[in-house]
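# Coordinates in review
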Amino acid sequence: MKSRQYDLINVHSSTENKDDKVKNEFYNEFKGMFDKLCKYHMKIILADFKTKVEQEDIFRPTIGKYNLNNESNDNGIRLISFATSKNLAVKSTIFQHKDIHKYTWTSHDTMRNQIDHILVDRHRHTSIIDVTTVRGVDCNSDHHLVKIRF
């Protein structure tokens, strides 16, 4: 078996209600860091992007058709633009699961969303065979654990 090297990147972005200057600074810094990574390593981004990405055919193959949202927010458009520009696939939207296994965040008033995502190099994306949410794990957080299977 051939060995492979990975770059795992954990990201926590600004909320939707932050102004454009803050969001632009985040993505500029993120792009700069991403561009410094070895191009031969498999890149996996594990992130709380606070995004809603819609199920539009125009965004494929960057996103899949199994996400929870019917419309994208500003953070979602920024994520899709970043992923497209870096040839990444949003794997957390690729796999068909029940909605309860897609929610990554639950608010105190029980509103649920899929705002955490897994991105991977598009040319190596088949290495990830599943992404799902694990509910019930006590992480002392309003986010649910997101599990990746290779």
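The present account deals with the structure reproduced in this document.

When helices and strands are tallied, the protein shows two helices and eight strands. When its helices and strands are written in sequence order, the protein yields β-α-β-α-β-β-β-β-β-β. Over its C-alpha trace the protein gives a radius of gyration of 15 Å, about what one expects of a compact globule, namely 15 Å for 150 residues. Projected onto its principal axes, the C-alpha positions of the protein cover 45 × 40 × 35 Å. Expressed as a percentage of its 150 residues, the buried residues of the protein come to 44%. Contacts in the protein between residues far apart in sequence, at least 24 positions, make up 69% of those at least 6 positions apart. As displayed, the protein offers around 8,800 Å² of accessible surface, 49% of which is attributable to carbon and sulfur atoms. With 24 positive and 20 negative side-chain charges, the protein shows a spacing of 8 Å between the two charge centroids.

The subject of this paragraph is empty space enclosed by the protein. Per the stated rule, a full pass over the model turns up one cavity of 30 Å³ or more. Quantified by volume, the largest cavity comes out at close to 80 Å³. In terms of lining, the largest cavity is formed by Ser92, Phe95, His97, His101, Lys102, Thr104, Gln114, Asp116, Val131, Thr132, Thr133 and Val146. Across the lining of the largest cavity, the residue classes break down as three nonpolar, seven polar and two charged.

With that out of the way, let us pick up the nonpolar core. Core analysis: the biggest nonpolar cluster contains 19 residues, and Val11, Phe30, Ile45, Phe49 and Leu119 have the highest contact counts within it. The residues touching Leu119, leaving out its near neighbours within four places in the chain, are Lys43, Ile44, Ile45, Phe49, Leu79, Ala83, Leu88, Ala89 and Val90. Listed in part, the seven residues of the second largest apolar core include Ile44, Ile118, Val120 and Val131.

Let's shift gears to the packing of helix α1 (residues 20-35) against helix α2 (residues 74-85). As a packed pair, α1 and α2 sit with axes 12 Å apart at the nearest point and diverge in direction by 20°. For the element pair α1 / α2, the angle class is roughly parallel. For the pair α1 and α2, the crossing hand works out as right-handed. For the pair formed by α1 and α2, the contact residues are Asp20, Lys23, Asn24, Tyr27, Phe30, Lys31 and Phe34 on the first element and Asp74, Asn75, Arg78, Leu79 and Phe82 on the second. Residue composition of the contact of α1 with α2, grouped by class: five nonpolar, two polar and five charged.

One pass over the structure, following the stated rule, counts six salt bridges. Across the salt bridge formed by Glu16 and Lys23, the nearest N and O atoms sit 3.9 Å from each other. Judged by relative accessible area, which is 3%, Lys23 ranks as buried. A salt bridge links Asp35 to Lys86, with the nearest nitrogen and oxygen atoms 2.6 Å apart. Taken together, the residues Asp35 in helix α1 and Lys86 in the loop between α2 and β3 (88-90) connect sequence positions 51 residues apart. In the salt-bridge network here, residues are joined through shared partners; they are Glu16, Asp20, Lys23, Asp74 and Arg78.

Okay, the layout of surface pockets next. Taken as a whole, the largest pocket spans an internal volume of roughly 340 Å³. Mapped by element, the contributors of at least two residues to the lining of the largest pocket are β1 (6-12), β2 (42-48), β6 (116-121) and β8 (145-149). Looking at the lining of the largest pocket residue by residue, the class counts come to eight nonpolar, six polar and two charged.

The rules behind each value
- Residues numbered from 1 in each chain as written.
- Predicted model: local features only at pLDDT ≥ 70, side-chain atom pairs only at ≥ 80, totals over all residues.
- Heavy atoms only, no water.
- Helix = DSSP H or I, 4+ residues; strand = E, 2+ residues; numbered from the N terminus.
- Rg over C-alpha atoms; globule rule 2.2 N^0.38 Å.
- Buried < 20%, exposed > 50% of the residue type's maximum accessible area, 1.4 Å probe, protein only.
- Contact = heavy atoms within 4.5 Å.
- Areas by Shrake-Rupley, 256 points an atom, 1.4 Å probe, with all protein chains shown as cover.
- Lys, Arg positive; Asp, Glu negative; His and termini not counted.
- Charge placed at Lys NZ, Arg CZ, Asp CG, Glu CD.
- 1 Å grid on protein atoms, 1.4 Å probe; cavity = no way out; pocket = protein on both sides within 12 Å on 5 of 7 lines; lining within 4 Å.
- Points joined across faces, edges and corners; volume = space filled by probe spheres on them.
- Nonpolar A, V, L, I, M, F, W, Y, C, P; charged D, E, K, R; others polar.
- Core = buried A, V, L, I, M, F, W, Y, C linked by side-chain atoms within 4.5 Å.
- Axes fitted to C-alpha atoms, helices over the stretch in contact; angles between N-to-C directions.
- Parallel < 35°, antiparallel > 145°, perpendicular 65-115°, else oblique.
- Left-handed = near helix turned anticlockwise from the far one by under 90°.
- Salt bridge = Lys/Arg side-chain N within 4 Å of Asp/Glu carboxyl O.

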